[in-house]
Amino acid sequence: MENPQDIFSSNGGCLIDIVIEKYLVESKESVSHVQLACSMQDCAFPLDGTELCIWNTEDPSHQLLILRGHHQPITAMAFGNKVNPLLICSASLDYVIMWNLEECREKVLQGLVPRGTVMGSLLGKVLCLQLSPDDHVVAVCAGNKIFMLDIETQAVQAKLHGHLGPVTAVEFCPWRAGILISVSEDRGFKVWDHCTGSLIYSSSVLSAYPLLSLFIDAESRQLVTGCADGQLWIFSLMDGHHYRRVARVDLRKKTETFSTRRVKSGLCSQPEESHLPSTSALGKGEQVEVTFPVLRLAPCDLSLIPNSACGCLSSENTQCVWIGSSVGLFVFNLANLEVEAALYYKDFQSLSILLAGSCALRNRTADRKALCLLASLFGGKIAVLEINPAALVRAQQCPSVGQSLSVPASFCVLPTSPLYLGIAKEKSTKAASQQRCGDGQWLACGLANHLSLVFDASLTGTPAVFSGHDGAVNAVCWSQDRRWLLSAAQDGTLRVWSARGAELALLLGKDMFSKPIQSAQFYYIDAFILLSSGPEFQLLKYHIDTCKDEIKRYKQKSKSKLICRLSMTGAVDMTSLSAVNDFYSHIVLTAGRNRTVEVFDLNAGCSAAVIAEAHSRPVHQICQNKGSSFTTQQPQAYNLFLTTAIGDGMRLWDLRTLRCERHFEGHPTRGYPCGIAFSPCGRFAACGAEDRHAYVYEMGSSTYSHRLAGHTDTVTGVAFNPSAPQLATATLDGKLQLFLTE
């Protein structure tokens, strides 16, 4: 087995930069299931059961402040939110005590015994404590009840009961005064108004395992809760969303995907997999069982870290959360629902605790580091770790892309490029290619009954019928000048039609392609036809003869010529293809059955980048932000594109970083490939779903903004009007609907 040093230093990081064990103490009694606490400079933990110990990270003498007052083992503790005075509350079976740390330190210097204020007694076994943002109220979770205690008067303001099991975590809502959220071993969460003692909302049972941790993100207004089996549940707390579920995440699968993506991208060597807990280790006898219980959740703001230290993390994608588990710590991104970094205790020989039973985490804004307080699952060891998030992310994130990738063409076409021939001829023969792109007056649909239909944008009147295929139509595409309509079908043929008379202008037979065409479109402002067949895509130069000869009208004079063909890495079949036709672009995006997305640069005539493990299943559609002639966007916005896969929602990617920027999974697509679309303004994305609804997402939010009802079957396709705020939807039973903005 290789030294973990080799893993973390591959991109410039080293072990001593990532984590340091600052302090280690051993208690006579185990504290593996005790709620520990961290503030900016202090760590609190029980010692020998009944003693509350405070260790200050800024004290060079490493002297412990020991507070005595409990007669039973301490089971929970929590710091206040104000710096002056800094309060800490501790609880046991006998008392709940509030301590003023400044007064306690002064009494110790005077040779006196520090005393706290008893807030309550004999409330039961307390598993969790939490102080309100203003430090006026403390929530005490004893059994299945929550006691709201006034810190100034020590009176019980409210007694909240409704959980069926012990309450394991509780949080105050930062932006709504009086709102409290709790999770319990009954596997659900509840929302309370603790001022009146009333229950506002009660969730259904979320999991087969108890909920252990809770976190509220004020920026995205989301609730995150973690289970004992490593599942994360994310809910929206926005007004009007009614606590809808945003996502469900399997931490084990995310960490395995994180490791696999790094290996396939060549960022680390294959032996790294032996350092990561995985099911493959079970057969080697190294581990009996590896679990990822979510013991603690805490904020992790990577925006405090310099951009150079974050690898390719964008400034808009730095709101993360620390996940404390029994085997390690993870940086989890709430926008793209991906693990950004993983720190496994066993990879660091200097750490004394390899399996944790309890933990506490806190970011320090002064030095941009994080404190982690760990308690061993077996035994009485307690350790304080200092973590450098910048070094951790830098060591595990992908380096910046070697070449600058951009959808809008930023370089002249090279003489060796397959596009060069098209450019040379287009300058002299095709003035129509410079005409304005679509005006949104027509809507084309490909049907399973071998037909293609063209409707008026208002979906009124009789549609134009394009017939000739002998199989289900896979793709339809308008030319940039809207004179031609392209269609490809399962019969292995590609046809180009005159949009005005529904007459066939060009036919490419099945003998030209080894497998049925999956995707086809016009490309490079109508200079080429781009199509995918099997493991390759082909770039075709074509000529359409518009002259009419009544005697030889059935003899095709239009022709095409193969310019180049390129295959995906690994020669896997392509499932989707996308390129921009409304302006000059050298980039072609492809997806394969091996769950990868590959970027081709046709100016260089080769593959430029590969995104491994883009989805958990093969991508069935790629949709680029192509804009519209009726809207204006920043040039950088055209580098965004969407991908979707059955059962894995929709992902937003940035071509410049090759990273997923956001993950949308609020719509059910478990068995049928539903379509997606980018709005002309680039601010919204629409998708179909199996619950007979269409969903519209804003780019800055992970949950949907509109849920469009009225369909009678699975919504299979969606399309925005490029010139008006309209959305057309198509369903599996062959119906079209048009939605307008209010």
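Caption draft 1: Main features of the packing of aromatic side chains. Evaluated as defined, the whole model comprises 18 aromatic pairs. Pairing Phe 522 with Tyr 542 gives two aromatic rings, centres 5.9 Å apart and planes at 55°, and the pair type is tilted. Here Phe 522, found in strand S36 (residues 517-523), pairs with Tyr 542, found in strand S38 (residues 536-543); they are 20 residues apart in sequence, far enough to count as distant. We classify Phe 522 as buried; its relative accessible area is 0%. Ring centres of Phe 537 and Phe 600 lie 5.0 Å apart, and the angle between their planes is 75°; on these two criteria the pair is classed as edge-to-face. Taken together, the positions of Phe 537 in strand S38 and Phe 600 in strand S42 (residues 597-601) put the pair 63 residues apart, joining distant regions of the chain. Neither Phe 537 nor Phe 600 differs from the other in exposure class; each is buried. Clustering of aromatic rings is evident, with ring pairs tying together Phe 189, Tyr 201, Phe 235 and Tyr 243. Here Arg 244 stacks its cationic end above the ring of Tyr 704, 3.7 Å away from the centre of that ring. Sitting over the ring of Phe 528, Lys 541 keeps its end group 5.4 Å from the ring centre.

Caption draft 2: Region of interest: the sheet that holds strand S6 (residues 74-79). Sheet architecture is open: four strands sit in the order S6-S7-S8-S9, paired in antiparallel fashion. A single partner strand is all that each edge strand has here, and the edge strands are S6 and strand S9 (117-121). Across this sheet, the average inter-strand angle for adjacent strands is 20°, counted without regard to direction. Across four bridges, strand S8 (residues 95-100) lies against S9 in antiparallel orientation. If you follow Tyr 95 over to S9, its bridge partner there is Ser 121. Docked against the sheet, helix H3 (residues 101-109) engages S6, strand S7 (87-92) and S8, running at close to 75° with respect to S8.

Caption draft 3: Geometry of the pairing of strand S25 (residues 338-344). Taking burial as the measure, the seven residues of S25 include seven buried ones, the bulk of the element. Here six bridges tie strand S24 (residues 328-333) to S25, and the two strands are oriented antiparallel to one another. Bridged to Gly 328 within S25 is Tyr 344. Counted along the chain from S24 to the antiparallel partner S25, the turn is four residues long, and its residue Leu 337 has a positive phi close to 60°.

Parameters and conventions
- Residues numbered from 1 in each chain as written.
- Predicted model: local features only at pLDDT ≥ 70, side-chain atom pairs only at ≥ 80, totals over all residues.
- Heavy atoms only, no water.
- Phe/Tyr/Trp six-rings, centres within 6.5 Å; stacked < 30°, edge-to-face > 60°.
- Helix = DSSP H or I, 4+ residues; strand = E, 2+ residues; numbered from the N terminus.
- Buried < 20%, exposed > 50% of the residue type's maximum accessible area, 1.4 Å probe, protein only.
- Lys NZ or Arg CZ within 6 Å of the ring centre and 35° of its normal.
- Pairing = 2+ DSSP bridges.
- Axes fitted to C-alpha atoms, helices over the stretch in contact; angles between N-to-C directions.
- Contact = heavy atoms within 4.5 Å.

These figures come from the coordinates and say nothing about function on their own.
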